[in-house]
Every structure is written in structure tokens, then in C-alpha cells.
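This is what each chain is made of:
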Amino acid sequence: MSIYLAALLIGVVAGLRAMTAPAAVSWGAALGWLPVSDSWAAFMGFRFTPWVFSILALVEFVTDQLPSTPSRKVPMQFGARIVSGAFCGAVIGTAGGSLIGGLIAGVVGAVIGTLGGAEARGRLAGMFGQDRPAALIEDVVAIVLGLVAVSVVL
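All figures in this text were calculated on a predicted structure; none of them were measured in a lab.

A. Fine view of the overall build of the protein. For the protein, the count of helices and strands is six helices and zero strands. Tracing the protein from N to C terminus, the helices and strands come up as α-α-α-α-α-α. Rg of the C-alpha trace for the protein: 15 Å, near the compact-globule value of 15 Å for 154 residues, within the 12% margin. The C-alpha extent of the protein, read off along each of the three principal axes, is 50 × 30 × 25 Å. About 7500 Å² of surface is accessible on the protein, with carbon and sulfur atoms providing 74% of the total.

Below, the structure written as C-alpha cells:
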């Protein structure tokens, strides 16, 4: 798989769930799937980094279910997803020798994931008659896509 496609996919993950993308990238780095140990992104593979990002991702899964959680398309939420996509895309790009290309692909993926994810979840929620099943499906999709994106870089 192209490094740019992997970075685009991790950006989509960031658009779906902002903290799932760095959790996936960190696990990929810790497991040696993303060779970043001799780069600026080496901290992503440190012993505790995957656990910290995983806890943040779990918190996001819970808070996403709360009725008070704002739309992912409001500026603060959208911006966080773009930053997450850019960062995670840059880490994947670094592993493949193209930091800037990965960063750009991550941003594009985050926009796609944010807007496309909102639309898909809205349609699924309409089909189910409630949001929770749609949100859980989106969680699973984000996790699976994140694992695919970081496991195919080598």
C-alpha cells in the first residue's frame, strides 16, 4: 500500500475519532510496524505512549455518546480532527520517507472522515431510529481502519 494511502486512511480515522488515530499510530510505532524510532516521531513508540493515547481514545468513545457532545463539524471539533489527521499522517509519512506528503494526505483524510463520517452516521442513525448503534459501528470502523493504516506501512 502506498504511504500516501496509509496516511490518507489514518486521516479518515482522525475524522471519525480524533484520538483513535494517534492511538493506532502509537501502537503501530510501539509494535515496530512504523519504523520511526530514529526520527522526531520516536516518542510515539515509547513504552507508555500507546497506553496514554488508548485511554484518551476510550474516553472519546464514551463522550461521543453523550447528548451534550457538540457536532464534529463545529470549528473546535473539526480543527482538532484536522490537527490529529495532520500529525498522524506526518508520522506515517515519516515512516515512509515523506513527512510533508503524509501530513497533507492526513489533512485531506481528516476532512473526508469528518464530513463523510457525519453523513454516514446520520444516515445509519436514521435507519436504526437511534444514534447509539450508528456510533458503535463508527467506532468499530475507526478502529479497523486505524489498524489497517498502520499495519501496511512496512
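B. Summary view of the pattern of salt bridges. Using the criterion set out here, one finds eight salt bridges in the structure. When the shortest N-O distance is used, the salt bridge between Arg-17 and Glu-138 registers 3.2 Å. Of this pair, Arg-17 sits in the loop between helix H1 (3-16) and helix H2 (20-30) while Glu-138 sits in helix H6 (residues 132-151), placing them 121 residues apart in sequence. For Glu-138, a relative accessible area of 6% gives the class buried. Of the charged contacts, one joins Asp-131 and Arg-121 as a salt bridge, the two residues approaching to 2.5 Å between their closest N and O atoms. Residue Asp-131 is found in the loop between helix H5 (99-128) and H6, and its partner Arg-121 is found in helix H5; the two are separated by ten residues along the sequence. Looking at Arg-121, the relative accessible area reads 10%, which means it is buried. Through salt bridges with shared partners, a single network forms among Arg-17, Asp-64, Arg-72, Arg-121, Asp-131, Glu-138 and Asp-139.

About the cut-offs
- Residues numbered from 1 in each chain as written.
- Predicted model: local features only at pLDDT ≥ 70, side-chain atom pairs only at ≥ 80, totals over all residues.
- Heavy atoms only, no water.
- Helix = DSSP H or I, 4+ residues; strand = E, 2+ residues; numbered from the N terminus.
- Rg over C-alpha atoms; globule rule 2.2 N^0.38 Å.
- Areas by Shrake-Rupley, 256 points an atom, 1.4 Å probe, with all protein chains shown as cover.
- Salt bridge = Lys/Arg side-chain N within 4 Å of Asp/Glu carboxyl O.
- Buried < 20%, exposed > 50% of the residue type's maximum accessible area, 1.4 Å probe, protein only.

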